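Residue-level structural notes
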Amino acid sequence: QVQVVESGGGLVQAGGSLRLSCAASGSIFAIKGMGWYRQAPGKQRELVATITTGGGIEYGDSVKGRFTISRENAKNTVSLQMNSLKPEDTAVYYCNADIIAAGVLRDYWGQGTQVTVSS
């Protein structure tokens, strides 16, 4: 069984920083892409950042220059450093991982962690 678990959300003032972490565990053969998505109330889930096994990175336009994604392949973890936070960054942040387990490649999601940025 595979689990993806996020940590590190919370409440911060505008201009502040937060760091999110995500760990995948269980009977994992390999992990391909990992990333972060977010969903604000009344809005669709959107891309924040993704990172491949080889380090290829993509950021959503609204976070470029402020957020940094990183990954430790040996530990099956991915992190998101969020700086210069804005009230519009308020959302539930979800970790996503493409994991090969039991011979099957599947998309796994964490339960989400709330990030709230006050003005």
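Below is a summary of the structure that appears in this document. The model shown is predicted, which means the values in this text are computed figures rather than measured ones.

Parameters at a glance
- Residues numbered from 1 in each chain as written.
- Predicted model: local features only at pLDDT ≥ 70, side-chain atom pairs only at ≥ 80, totals over all residues.
- Heavy atoms only, no water.
- Salt bridge = Lys/Arg side-chain N within 4 Å of Asp/Glu carboxyl O.
- Buried < 20%, exposed > 50% of the residue type's maximum accessible area, 1.4 Å probe, protein only.
- Pairing = 2+ DSSP bridges.
- Helix = DSSP H or I, 4+ residues; strand = E, 2+ residues; numbered from the N terminus.
- Core = buried A, V, L, I, M, F, W, Y, C linked by side-chain atoms within 4.5 Å.
- 1 Å grid on protein atoms, 1.4 Å probe; cavity = no way out; pocket = protein on both sides within 12 Å on 5 of 7 lines; lining within 4 Å.
- Points joined across faces, edges and corners; volume = space filled by probe spheres on them.
- Nonpolar A, V, L, I, M, F, W, Y, C, P; charged D, E, K, R; others polar.
- Disulfide = S-S within 2.5 Å.

Thoughts on the pattern of salt bridges
- The final tally for this structure, using the stated rule, is five salt bridges.
- Here R38 and E46 are joined by a salt bridge, their closest N and O atoms 2.6 Å apart.
- Here R38 falls in the buried class, since its relative accessible area comes to 5%.
- Through salt bridges with shared partners, a single ionic network connects R38, E46, R66 and D89.

Digging into the pairing of strand β10 (residues 104–109)
- Direction of pairing for strand β9 (residues 91–101) relative to β10: antiparallel, over a ladder of six bridges. In the strand pairing of β10, I99 is matched with R106.
- The antiparallel hairpin formed by β9 and β10 contains two residues in its connecting segment, where A102 sits at a positive phi of about 55°.

Quick word on the nonpolar core
- Core analysis: the largest hydrophobic core is formed by 30 residues, its most contacted members being W36, L80, M82, Y93 and I99.
- Elements with a minimum of two residues in this core: β1 (2–7), β3 (18–26), β4 (30–39), β5 (46–51), β7 (67–72), β8 (77–82), β9 and β11 (113–118).
- It is β9 that contributes the most residues to this core, six residues altogether.

Re the pairing of β3
- For β1 and β3, the ladder comprises six bridges, and the chain directions are antiparallel. Following the sheet pairing, E6 is matched in β3 by C22.
- As paired elements, β3 and β8 share six bridges and run antiparallel to each other. Residue pairing for β8: C22 is matched across the bridge by V78.

A look at the layout of surface pockets
- Size it by volume and the largest pocket reaches roughly 180 Å³.
- Partitioning the lining of the largest pocket into residue classes produces two nonpolar, four polar and seven charged.

Here's the deal with the state of the cysteines
- Tallying each qualifying case throughout the model produces one disulfide.
- Residue C22 pairs covalently with C95 via a disulfide, S to S 2.0 Å. On the sign convention where negative means left-handed, the S-S torsion of about -80° between C22 and C95 marks this disulfide as left-handed. Placement of the pair is C22 in strand β3 and C95 in strand β9, with a sequence separation of 73 residues. Accessibility classification places C22 together with C95 in one group, the buried group.

Remember that the coordinates give geometry; whether it matters functionally is a separate question.
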